[in-house]
Amino acid sequence: MDLHELSAIALLDLYHRKAASPVEVTRAVLRHIGRWEPHLHATYALDAEAALVQAEASQARWLKGEPQGVLDGVPAMIKENIATRGVPVPLGTAATELLPAAQDAPPAARLREDGAVLLGKTTMPDYGMLSSGLSSFHALTRNPWDLRMNPGGSSAGAAAGAAAGYGPLHLGTDIGGSVRLPAGWCGIFTLKPSLGRIPIHPPYAGRVAGPMTRSVADAALMMGVLSRPDARDTTSLPWQDIAWQRLDRDPKGLRIGLQLDAGWGLPLDPEIRAAVEAAARAFEQAGAIVGPVRPFMTRTMIDGMDAFWRCRSWLDIAALPESRRARVLPFIVAWARGGAGLSGEQVFRGYSQMGAMRDAAVSACAPFDFVLTPTSPIAAYAAELPSPTDDPSRPFEHIAFTLPFNMSEQPAASINCGHTSAGLPIGLQIVGQRHDDLGVLQLSRAWERLRPAQRPWPLPPGD
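A.B. asks: Help me understand the pattern of salt bridges, please; the structure alone is not making it clear to me.
C.D. replies: For side chains of opposite charge, pairing can occur when their charged atoms come near one another. Counting across every chain of the model gives 25 salt bridges. The closest approach of N and O atoms between Asp-248 and Arg-449, which form a salt bridge, is 2.8 Å. Of this pair, Asp-248 sits in the loop between helix 7 (216-226) and strand 7 (255-258) while Arg-449 is found in helix 14 (residues 437-450), placing the two residues 201 residues apart along the sequence. Residue class for Asp-248 comes out exposed when judged on its relative accessible area of 57%. Taking the shortest distance from any N to any O, the salt bridge between Arg-358 and Glu-409 comes out at 2.6 Å.

A.B. asks: Explain the packing of aromatic side chains here, please?
C.D. replies: For any pair of aromatic rings, geometry is given as the distance between the ring centres together with the angle between the planes. Applying the stated rule across the entire model yields nine aromatic pairs. Ring centres 5.8 Å apart and planes at 75° place the aromatic pair Tyr-44 and Phe-137 in the edge-to-face group. One end of the pair, Tyr-44, is in strand 1 (residues 43-44); the other, Phe-137, is in the loop between strand 3 (117-122) and helix 5 (156-164), and 93 residues separate them in sequence. With centroids separated by 5.2 Å and ring planes inclined at 65°, the aromatic side chains of Phe-308 and Tyr-351 adopt a geometry described as edge-to-face. In this pair, Phe-308 sits in helix 9 (residues 299-318) while Tyr-351 sits in helix 12 (residues 344-365), placing the two residues 43 residues apart along the sequence. Using a relative accessible area of 13% as the deciding quantity, one classes Phe-308 as buried. Site record: aromatic cluster; members linked through ring pairs are Trp-309, Trp-335 and Phe-396. Above the plane of the ring of Tyr-204 lies Arg-312, whose end atom (NZ or CZ) is 4.1 Å from the centre.

A.B. asks: So what exactly am I meant to see when it comes to the packing of helix 9 against helix 12 here?
C.D. replies: To describe two helices that pack against each other, one gives the angle between their axes and the distance between the axes. With their axes 7 Å apart at the nearest point, helix 9 and helix 12 run at an angle of 130° to one another. Put simply, helix 9 runs oblique to helix 12. The hand of the helix 9/helix 12 crossing is left-handed. For the pair helix 9 and helix 12, the contacting residues are Thr-300, Met-301, Ile-302, Gly-304, Met-305, Phe-308 and Cys-311 in the first and Val-347, Gly-350, Tyr-351, Gln-353, Met-354, Ala-356, Met-357 and Ala-360 in the second. Looking at the contact of helix 9 with helix 12, its residues break down into 11 nonpolar, four polar and no charged.

A.B. asks: When you look at the pairing of strand 3 in this model, what are you seeing that I'm missing?
C.D. replies: Along a regular strand, successive side chains alternate from one face of the sheet to the other. By the criterion of burial, strand 3 is predominantly enclosed, with six of the six residues buried. In the sheet, strand 1 pairs with strand 3 via two bridges, with the strands oriented antiparallel. In the strand pairing of strand 3, Thr-43 is matched with Thr-122. Relative to strand 3, strand 2 (residues 75-79) is paired through five bridges, and the arrangement is parallel. What sits directly across from Ile-78, in strand 3, is Lys-121. For the handedness criterion, the β-α-β arrangement of strand 2, helix 4 (residues 106-113) and strand 3 is classed as right-handed.

A.B. asks: When you look at the nonpolar core in this model, what are you seeing that I'm missing?
C.D. replies: Judged by nonpolar contacts, the single largest core of 82 residues is most densely connected at Leu-111, Leu-428 and Leu-441. The residues touching Leu-441, leaving out its near neighbours within four places in the chain, are Phe-189, Leu-191, Val-216, Ala-219, Ala-220, Met-223, Trp-244 and Leu-247. Residues Ala-95, Val-333, Ala-364 and Phe-396 belong to the second largest nonpolar core, which totals 53 residues.

A.B. asks: Any chance you could explain the packing of helix 8 (residues 270-285) against helix 14 here in plain terms?
C.D. replies: Contact geometry of helix 8 with helix 14 gives a least axis separation of 11 Å together with a crossing angle of 95°. By the criterion of interaxial angle, the relationship of helix 8 to helix 14 is roughly perpendicular. Along its contact with helix 8, which presents Ala-279, Ala-282 and Phe-283, the element helix 14 presents Leu-443, Ala-446, Trp-447 and Leu-450. By residue class, the composition of the contact of helix 8 with helix 14 is seven nonpolar, no polar and no charged.

A.B. asks: Honestly, unusual backbone geometry in this entry has me stumped. Any pointers?
C.D. replies: Peptide bonds are trans in most cases, and residues, glycine excluded, mostly fall at negative phi. Cis rather than trans, the peptide bond between Gly-153 and Ser-154 has omega equal to 15°. As for its position among the elements, Ser-154 is in the loop between strand 3 and helix 5. Residue Pro-202 is bonded to the preceding His-201 through a cis peptide linkage, with omega at 0°. Within the secondary structure layout, Pro-202 lies in the loop between strand 5 (189-192) and strand 6 (208-213). Here the phi dihedral of His-41 falls at roughly 55°; this positive angle occurs in a residue that is not glycine. Structurally, His-41 can be placed in the loop between helix 2 (22-40) and strand 1. Accessibility expressed as a relative area gives 29% for His-41, which makes it partly exposed.

Cut-off values and rules
- Residues numbered from 1 in each chain as written.
- Predicted model: local features only at pLDDT ≥ 70, side-chain atom pairs only at ≥ 80, totals over all residues.
- Heavy atoms only, no water.
- Salt bridge = Lys/Arg side-chain N within 4 Å of Asp/Glu carboxyl O.
- Helix = DSSP H or I, 4+ residues; strand = E, 2+ residues; numbered from the N terminus.
- Buried < 20%, exposed > 50% of the residue type's maximum accessible area, 1.4 Å probe, protein only.
- Phe/Tyr/Trp six-rings, centres within 6.5 Å; stacked < 30°, edge-to-face > 60°.
- Lys NZ or Arg CZ within 6 Å of the ring centre and 35° of its normal.
- Axes fitted to C-alpha atoms, helices over the stretch in contact; angles between N-to-C directions.
- Parallel < 35°, antiparallel > 145°, perpendicular 65-115°, else oblique.
- Left-handed = near helix turned anticlockwise from the far one by under 90°.
- Contact = heavy atoms within 4.5 Å.
- Nonpolar A, V, L, I, M, F, W, Y, C, P; charged D, E, K, R; others polar.
- Pairing = 2+ DSSP bridges.
- Right-handed = clockwise from strand over helix to strand, strands pointing away.
- Core = buried A, V, L, I, M, F, W, Y, C linked by side-chain atoms within 4.5 Å.

Set out below in structure tokens:
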């Protein structure tokens, strides 16, 4: 395999054996990005010069046998809304004033402290409020499996870049599905951890950062670094010494729920249903006890959540000077404007649906060790669209399976479980009990061993 294709664990083994160097690897990844990027548009603030300086410093440490951390010399990219010092944070929108960030946000700080080679940032849509690669600031990000298709979002560039081989380690954020949806549509692995497991700043209800990688083992490696404490996140969980690399677990005897009806949203595509059912059967054949999970979400929950998010976003957009407001993606403005004029009672009732979702999700999952669902009811959609419905009045119909587990604070992964007849990836969501992040990684690793052979990763056009 070429150096840019190797996992973080494989690269670290090469460094230990002095069979390759961080400089060689960084140059190989940068060359590969150069082949893909004119077609994919997944990066922001890519800085080859700074990356090579970091790689040279890492190489010197490895030559002395004194690596800085477990990720020393491994290329990594960070979603652009996670601040890195000296780099503006546009939040995916042309309306943002481009002021350099004063310091690294907690997840970026952990990667830098550990010696990871930070290549640059990855793209996102306006304010992270779309499951799309469409942005008023960034060029349109596309799906490497089919450039006509959407990578999903809001961690659009992270998912597309991970699938295309932009280094092994990527970092995204998720408040309603923003690491899992693009991971599912791009065929990679991601973990949305329990709320507070990875310190983040600024914290917000349901908002987490999560690793986005090609393998479960690489994500587990990142979790050991990203979960270290940071006092700036006043909502973070107490740090625990979790054995993140202990991934072996026999599914035999596990109680696994299967949910194929979310209770609202877009209808489930038959090909996706078949792939998720096949995954459930594989776990059953391995000795797990699989049972159905009834729908627990209601239209009242999602409509209330939508109203609250619209109001919050409209307050931010309405406060912008008109010249800047005009630069926001029109779809986002049209959606957020629905929050203008809502009464205090309407906003409060909308906000209260976060708690209603939490109670419903935790209760529905209580009889099971884990729950399986589709990551999304549909496969990737047209690249140019802001959402599958292309309708600001119905913007969230595709997040029915992912949203509740942000509100319930449960860990949830997305892992590939097949491809459609058109060759597009299908995501399987694996949900754990609250705070059982390691368990989700373990069951995801078990699925890696059970699933049929994977298709080769996509190659740049012309290769």
